[in-house]
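Architecture at a glance
Read off the chains here:
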Amino acid sequence: MRYPHLFAPLTLNRVVLRNRIVSTAHAEVHAEPGGLPGDRYIAYYEEKAKGGLGLAICGGSSPVSLDSPQGWWRSVNLTTDRVIEPLARLSEAMHRHGAKVMIQATHMGRRSAWHGEHWPHLLTPSGVREPVHRGNAKTIEVEDIARIIRDFAAAARRVQQAGMDGIEISAAHQHLIDQFWSPRTNFRDDAYGGSLENRLRFGIDVLKAVREAVGPDFCVGLRMCGDEFHEDGLDHDALREIAQAMAETGLIDYLGVIGSGADTHNTLANCMPPMALPPEPFAYLAASIKSAVHIPVMHAQSIRDAVQAERLLAAGHADLVGMTRAHIADPHLVMKIRDDREDEIKQCVGANYCIDRQYDGLDVLCIQNAATAREVSMPHIVPRSRGPRRKVVVVGAGPAGMEAARVCAERGHDVVLFERNAAIGGQILLAAKAPQREQMDGIVRWFDLELKRLRVDCRMGTLATQEGIMAEQPDIVVLATGGLSHVYEQVSWGVASGLAVSAWDILSGKKQPARNVLVYDGIGTHAGAGVADFMASRGSLVEVVTPDPKVADDVGGTTFPIFYRRLTAQDVVFTPNYWLERVSTEGDKTIALLRNEYTDAREERVVDQVVIENGIVPNDALYWMLKPQSVNLGQTDVQALYAAEPQPALSETLGDGRYLLFRVGDCISMHNIHASIYDALRLCKDF
């Protein structure tokens, strides 16, 4: 085998894993109200088991106490016996396919929000507020400590009764246990503060209670940080000493080691490293701790492919590798590695769409795989059609068009894909131009390989016309013509007359960055910050103006800090709360007139260039040409679409000039990459 270490079995206590690949604990935001795993939750994990995964640790940040609320991430509720039955169904589903399953249990301490479920008074060793979650908390009392220790034990018993293979206790990401560990949050002068022995006391007492509850033969793990990266926190030497101390208790069967604290926006971005950070950036922390302990060590942070994983295992840096986001992108990852089908793996590109949604309180989804977390209704493996083979014409090879062509080809249809540009990818290619966003190209590479494998007739550099489409005698036409930059309709901005340029002009190379630039971002997504970074990296002096409360306001919690790091390091000026009213010229200078959102006061900027990012408008001219002659008048039955059912119009007799017409993606209205791919999958899976 190419990957002998990756596929070597490993025993944790009495649990025998078939390989070293783990889907580590993450907050899925998939549980039902009340925090119980339902059909969707179980199917999400079962798909990974079908795909060959060795171990899944589900339920990231699952609370053991009522004053550690589930909050906006809707994790599994371990505080009630009602969780036993659904966890048992999850266990049975995973075991049916040969995978093992554990769950992460925790008390979040201050790392939550008090204004929500139960409206609790949050707890922390010394009452220190947590910046990311605005976690105002009381100083924990000894009675609270005793109660929470009992809660951990009760939660562990429930997990064991459900037939799960183990439990992982979280002391990472500044949860309550490591809040006691850290001098950043623990200023106590009692038995739980001061010396290292005292600061470890709460965590060790938790592990003692858990071990007493489940007995010696049940797997118990501990997840911890390898370096908080705070001057007043725990550095690596201190955490290495803590790891040794915890391992030597004999209470745990493995350590999961990750890098970075997570209690500030800047450090949070490290914890789930996006594409801007190098691969496995904190493996050295796990390797150092592994050299100091006698129990297996698991590491998970930006390990996305088999070569990375095998190298870490072969070098002895870890015993288990977490490939969590890699499994969100492709739950059949392990099976494809095993079967020498690595070219078919939908590789994670590190866009962090998944975790950024979680930090907005939304369910975890993948930017490029619309079936993930929709396993109940959407297929990861598109089945062949049992109906007639049809001629399908897809127009536009952006994300929606690529997925439409792929899915229709998987269904066994004869597919022609028209694209006016020389290459597939659409707006993804523009997104990949921004610094540190180059890996977005990975989405396009996978589609390119799949379209070739499926023998889709790709007509690059071909502008689709009504006549050209009709010449193909299609049964179904899918328009994925995307959008046009939404800057020309705003006459006062002067893009049409050359007073300003669009972000597309800059990223595509049509226009070159000037020296002194104002970037106006009317949307607040990745595009505005990305073009500002693109220009600043090429020596431009950049000011970003936005009507939003902050720059990149719609960019997620693990991604906007990366933009902020880069932009502030390049002295980019941030000017929120201002609208762009007009662009004009005086001599060889460009004048941007700005208006304050709250005072209506006007300000002028004298610059060399104004660059505008204002989203898109649908590119729908072809739709209006084709609509009148189509059998369904271009209409998608939304009731069927939203119910994941076939379109009623598919029952119509087609051919001989009769065709169905559908639109997907941005040519309907501006969405994003994931939404465009989902549009295509849920429509075309039943063609």
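As annotated in an unreviewed UniProt entry, the protein carries the name Putative N-methylproline demethylase and is attributed to Achromobacter kerstersii. Under the heading Sequence similarities (unreviewed entry), UniProt records this for the protein: "In the N-terminal section; belongs to the NADH:flavin oxidoreductase/NADH oxidase family."

Strand order in the open sheet made by the 5 strands is β18-β25-β19-β20-β21, with parallel pairing throughout. Looking at the sheet topology across the chains shown, the edges are occupied by β18 (501–502) and β21 (573–576). Alignment of strand β19 (residues 516–521) against strand β25 (residues 609–613), held across 5 bridges, turns out to be parallel. Bridge pairing in β25 places Val 517 opposite Gln 609. Those strands touched by helix α18 (residues 526–536) are β19, β20 (541–546) and β25, and its axis lies near 170 degrees from that of β19.

Moving on, we come to helix α19 (residues 560–569). For α19, the set of buried residues is Phe 560, Pro 561, Ile 562, Phe 563 and Leu 567. Along its buried surface, α19 packs onto α7 (265–271), α18 and β21. Asp 571 lies just past α19 and shows a positive phi near 60 degrees.

What follows covers the sheet that holds strand β22 (residues 578–586). Taken in spatial order, the 3 strands of this open sheet run β22-β23-β24, and their pairing is antiparallel. The open sheet has two free edges, formed respectively by β22 and β24 (602–607), since each of these has just one partner strand. Mean inter-strand twist for the sheet, computed between neighbouring axes without regard to direction, equals 25 degrees. Where β22 and strand β23 (residues 589–596) come together, 8 bridges link them in antiparallel fashion. Within the sheet, the bridge partner assigned to Ser 584 lies in β23 and is Ile 591.

One can describe the packing of helix α13 (residues 399–410) onto helix α22 (residues 673–684) by two numbers: an axis separation of 8 Å at closest approach and a directional angle of 25 degrees. The pairing of α13 with α22 is recorded here as roughly parallel in orientation. As for how α13 packs across α22, the hand of that crossing is right-handed. Note on element contacts: α22 touches α13 through Ile 673, Ser 676, Ile 677, Ala 680, Leu 681 and Cys 684, opposite Pro 399, Ala 400, Glu 403, Ala 404, Val 407 and Cys 408. Considered class by class, the residues forming the contact of α13 with α22 number 10 nonpolar, 1 polar and 1 charged.

This paragraph deals with the packing of helix α6 (residues 236–248) against helix α8 (residues 283–290). Between α6 and α8, the shortest axis-to-axis distance is 9 Å and the interhelical angle comes to 45 degrees. In terms of their interaxial angle, α6 and α8 are classed as oblique. Viewed along their axes, α6 and α8 form a crossing whose handedness is right-handed. Every residue of α8 that contacts α6 at His 236, Leu 239, Arg 240 and Ala 243 is listed here: Leu 285, Ser 288 and Ile 289. Along the lines of polarity and charge, the residues of the contact of α6 with α8 split into 4 nonpolar, 2 polar and 1 charged.

Further remarks concern the nonpolar core. Counting 157 residues, the largest nonpolar core has Leu 90, Ile 167, Ile 169, Trp 181, Phe 202, Leu 255 and Met 440 as the members making the most contacts within it. Element by element, the count of residues in this core is highest for helix α5 (residues 196–214), at 9 residues. Two domains share this core, each providing at least three of its residues, namely domain 1 (10–360) and domain 2 (391–484 + 618–685). When near neighbours in sequence (up to four residues on either side) are disregarded, Ile 167 contacts Met 102, Ile 103, Ala 105, Ala 156, Val 159, Val 210, Phe 218, Cys 219, Val 220 and Gly 221. Judged by nonpolar contacts, the second largest core, of 24 residues, contains Val 519, Val 531, Val 572 and Val 611.

As a further point, take the packing of aromatic side chains. Overall, the coordinates contain 12 aromatic pairs when judged by the stated rule. Relative to Tyr 520, the ring of Trp 493 lies with its centre 5.6 Å away and its plane at 65 degrees, an arrangement referred to as edge-to-face. With Trp 493 in the loop between β17 (483–485) and β18 and Tyr 520 in strand β19, this residue pair connects regions lying 27 residues apart in the sequence. You can call Trp 493 buried: its relative accessible area is 6%. Aromatic side chains Phe 662 and Phe 687 sit 5.6 Å apart centroid to centroid with 35 degrees between the ring planes, which places their arrangement in the tilted category. Taken together, the residues Phe 662 in strand β27 (residues 660–663) and Phe 687 in the segment after α22 connect sequence positions 25 residues apart. Pair check on accessibility: Phe 662 and Phe 687 agree, each one buried.

What follows covers the environment of Gly 35. Among the structural elements, Gly 35 can be located in the loop between β3 (21–23) and α1 (39–50). Taking C-alpha positions, Gly 35 is 4.5 Å from Val 76, a pair spaced 41 residues apart along the chain. Here Gly 35 is in contact with Gln 70, Ser 75, Val 76, Asn 77 and Val 83, once residues within four sequence places are set aside.

Glancing now at empty space enclosed by the protein. The final tally for this structure, using the stated rule, is 4 cavities of 30 Å³ or more. In this structure, the largest cavity spans a volume of roughly 530 Å³. Around the largest cavity, the lining is made up of 37 residues, and of these Ala 25, His 26, His 173, Met 272 and Ile 355 lie nearest the centre. Of all the elements in the fold, those that place two or more residues in the lining of the largest cavity are β4 (55–63), α7, α10 (324–329) and α12 (353–358). Top element by residues in the lining of the largest cavity is α10. It accounts for 4 residues. In terms of residue class, the lining of the largest cavity is built from 19 nonpolar, 14 polar and 4 charged.

Before going further, it helps to examine helix α2 (residues 84–96). Helix length check: α2 (13 residues) gives 18 Å between terminal C-alpha atoms against 18 Å at 1.5 Å per residue, within 8%. Taken as a whole, α2 has its buried residues at Ile 84, Pro 86, Leu 87, Leu 90, Ser 91, Ala 93 and Met 94. Next to the buried residues of α2 lie α1, β4, β5 (100–106) and α3 (142–161). Trailing α2 by a residue or two, Gly 98 shows a phi angle of about 90 degrees, which is positive.

Conventions we followed
Here the residue numbering is sequential within each chain, running from 1 through the sequence in written order. Only residues with pLDDT of 70 or above have their local features reported here, since the model is predicted, and side-chain atom pairs are shown and tallied only from 80 upward, although totals for entire chains, interfaces and linings are computed over all residues. Note that the side-chain values use all heavy atoms of the structure and ignore hydrogens as well as water. UniProt positions are given in the numbering used here, feature names are shortened, and annotations may be inferred rather than shown by experiment. Strand pairing requires that DSSP identify at least two bridges connecting the strands. Each helix corresponds to a stretch of at least 4 residues labelled H or I by DSSP, and each strand to a stretch of at least 2 residues labelled E; elements are numbered beginning at the N terminus. We call two residues in contact when some of their heavy atoms are within 4.5 Å. Only C-alpha atoms enter the line fits that serve as axes; for helices the fit covers just the stretch in contact. Angles between N-to-C directions range over 0 to 180 degrees. Three labels apply to residues, based on accessible area from a 1.4 Å probe with only protein chains included: buried if under 20% of the type maximum, exposed if over 50%, partly exposed otherwise in between. Note on terminology: angles under 35 degrees are roughly parallel, angles over 145 are roughly antiparallel, angles of 65 to 115 are roughly perpendicular, and the others are oblique. The sense of a crossing depends on the near helix, which, turned anticlockwise from the far helix by less than a right angle, makes the crossing left-handed and, turned clockwise, makes it right-handed. We call Asp, Glu, Lys and Arg charged. Ala, Val, Leu, Ile, Met, Phe, Trp, Tyr, Cys and Pro are nonpolar, and the rest, Gly among them, are polar. The nonpolar core is taken to be a set of buried Ala, Val, Leu, Ile, Met, Phe, Trp, Tyr and Cys residues, with the residues joined through side-chain atoms within 4.5 Å. A domain assignment, automatic or from a database, supplies the domain bounds used here. By convention, a stacked pair of Phe, Tyr or Trp rings (six-membered ring in the case of Trp) has centres within 6.5 Å and planes under 30 degrees apart, an edge-to-face pair has planes over 60 apart, and any other such pair is tilted. Each cavity reported here is a set of points on a 1 Å grid over the protein atoms alone in which a 1.4 Å probe fits but cannot get out, each pocket an open set with protein on both sides within 12 Å along at least five of seven lines, and each lining residue one with an atom within 4 Å of a point. Grid points are joined across faces, edges and corners, and a volume is the space filled by probe spheres set on the points. A helix is expected to reach a length of 1.5 Å times the quantity of its residues less one.

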